[in-house]
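Below, each chain spelled out in residue letters.
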Amino acid sequence: MILVTSTWTEPSNTATALLLLGRGTDPASERGVDCPGDLPAPSDPGLVERARAAKAALGDRVFVLGHHYQRDEVIQFADVTGDSFKLAREAAARPDAEFIVFCGVHFMAESADILTSPAQRVVLPDLAAGCSMADMAVLGQVETAWEQFEDLGLTDQIIPVTYMNSSADIKGFVGRNKGVVCTSSNAQRALTWAYEQGSKVFFLPDQHLGRNTAVLEMGLTLDDCVLYDPHKPNGGLTADQVRDAKMILWRGHCSVHGRFTIDSVREVRERVPGVNVLVHPECRHEVVRAADQVGSTEYIIKALEAAPAGSAWAVGTELNLVRRMANAHPDKQIMFLDRAVCYCSTMNRIDLPHLVWALEELVAGRVPNQIAVDPDTAHHARVALDQMLALP
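As a starting point, this report considers the structure included with it. Treat the numbers as computed from the prediction; the structure is a model and nothing was measured.

1. Quick look at the overall build of the protein
Moving on, step 1. Check the secondary structure of the protein and you find 17 helices and 14 strands.
Moving on, step 2. Evaluated residue by residue, the protein yields a buried proportion of 56% over its 392 residues.
Moving on, step 3. The long-range share in the protein, meaning contacts at least 24 apart out of those at least 6 apart in sequence, stands at 68%.
Moving on, step 4. When the accessible surface of the protein is summed, it comes to about 16400 Å², and 49% of that surface belongs to carbon and sulfur atoms.

Here it is as structure tokens:
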């Protein structure tokens, strides 16, 4: 028997990387960094056993969800792993679970609350686990943009489409205005449906997913797309630009996927002859065009699982997932597309101390960090989500 060891090489640490690992705080961009309770020390050698004991004590009353981007120390306690929408649906499929502990970020926990029953309570172990992309689309700003479109007499032609990676408020706005939610897997189907309802799409909040889907999968041109910047008067667009556009993109992006550049692709191709470049559609347009394969998180996982032994892959997505795939497939050369560390900073806020604290609070009869969406918002967000589920 031949023992195969992992070919994984850890990207270099930087001062910024320490923040991205959750070692430090950034009050300017995070929802909060304080835990309203006694948080166990990360150095506590009994954390794993405490987590096991608390989870066992709760039994079927608790269902733990772990997003693919979570740390391995957290993933080991997840009952199900997956992307954001898969996890929300898994939560809805467990109506007997009293508590849903969502090891992900804020908008994901909101979606789980929308899709589960009122009797179930959704817990986010750390409220600092937000999403920079979701926070780039604030309801008041989006409503201001919509009022601008109304003044131009265009709202009967514009169908709002929001990425799953958006707040419940934005999903609710889309539901109220006869739009649809999409994922990175079904964005083309969602846009096809939207263009059957109207002549324009207002795409929130990720400009890159919207642009890549419209141009590379729907046959639109870059000239058909305009970028609405909420920090500029009228979004930085003239009335004619809005009238002529087929795709109005919100100026938002993923802080992880947006960092990959065309230089990253060129550098890895020079360094590793024959490498396959595999990226997420949240990456920049020029990066997606230069890649060999493009797809959602689930697509990336399946592509790497199916890849032949000995093949080389440079993957443009969150580092925890890339490392996990490299360690799971040591017969393949799987590497991170960028040479520097690139974690999802807020996703990494969910660590083992926070998970232990949340589980032990539930054992003690207290519900920490409950995520609850108000009924009106939840209703309209559910309308947009149900429209997605009804897509052909």
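Okay, back to it.
2. Section: the nonpolar core
Moving on, step 1. Core analysis: the largest hydrophobic core is formed by 127 residues, its most contacted members being Val101, Phe149, Phe202, Phe203, Met247 and Ile248.
Moving on, step 2. Residue contributions to this core peak at seven residues, all from helix α16 (residues 352–363).
Moving on, step 3. Residues within four places of Phe203 in sequence aside, it is in contact with Val161, Cys182, Leu191, Leu209, Gly210, Met247, Ile248, Leu249 and Trp250.

3. Details of helix α8 (residues 168–176)
Moving on, step 1. Of all the nine residues making up α8, seven are buried; the element is thus mostly covered by neighbouring parts of the structure.
Moving on, step 2. The complete set of buried residues in α8 reads Ala168, Ile170, Lys171, Gly172, Phe173, Val174 and Gly175.
Moving on, step 3. The secondary structure elements touched by the buried residues of α8 are α5 (106–115), α7 (139–151), β5 (158–163), β6 (180–182), β7 (200–204) and α17 (375–389).

4. Let's talk about the sheet that holds strand β11 (residues 293–294)
Moving on, step 1. Sheet architecture is open: four strands sit in the order β11-β10-β12-β13, paired in parallel fashion. Two strands close off the open sheet at either side, each with one partner strand: β11 and β13 (333–336).
Moving on, step 2. Judged from the four bridges that link them, strand β10 (residues 276–279) and strand β12 (residues 312–316) form a sheet pairing that is parallel. Note on β12: the bridge partner recorded for Val279 is Gly316.
Moving on, step 3. Relative to the sheet, helix α12 (residues 262–271) contacts β10, β12 and β13, its axis offset from that of β10 by approximately 150 degrees.
Moving on, step 4. Sheet strands touched by helix α15 (residues 319–328): β12 and β13. Its angle to β13, the strand with the most contacts, is close to 165 degrees.

5. Describing α16
An α-helical turn contains 3.6 residues, so any two residues separated by three or four positions project in the same direction.
Moving on, step 1. With 12 residues, α16 should cover 16 Å at 1.5 Å per step; its first-to-last C-alpha distance of 16 Å lies within 8% of that length.
Moving on, step 2. Within α16, 10 of the 12 residues are buried, which leaves the element mostly enclosed by the surrounding structure.
Moving on, step 3. Among all positions in α16, only Leu352, Pro353, His354, Leu355, Val356, Trp357, Ala358, Leu359, Glu361 and Leu362 are buried.
Moving on, step 4. Elements that come into contact with the buried residues of α16 comprise α2 (47–58), β1 (62–67), α3 (72–75), β3 (99–103) and β4 (121–123).
Moving on, step 5. Backbone geometry just after α16 places Gly365 at a positive phi near 90 degrees.

Calculation criteria
- Residues numbered from 1 in each chain as written.
- Predicted model: local features only at pLDDT ≥ 70, side-chain atom pairs only at ≥ 80, totals over all residues.
- Heavy atoms only, no water.
- Helix = DSSP H or I, 4+ residues; strand = E, 2+ residues; numbered from the N terminus.
- Buried < 20%, exposed > 50% of the residue type's maximum accessible area, 1.4 Å probe, protein only.
- Contact = heavy atoms within 4.5 Å.
- Areas by Shrake-Rupley, 256 points an atom, 1.4 Å probe, with all protein chains shown as cover.
- Core = buried A, V, L, I, M, F, W, Y, C linked by side-chain atoms within 4.5 Å.
- Pairing = 2+ DSSP bridges.
- Axes fitted to C-alpha atoms, helices over the stretch in contact; angles between N-to-C directions.
- Expected span 1.5 Å × (residues − 1).

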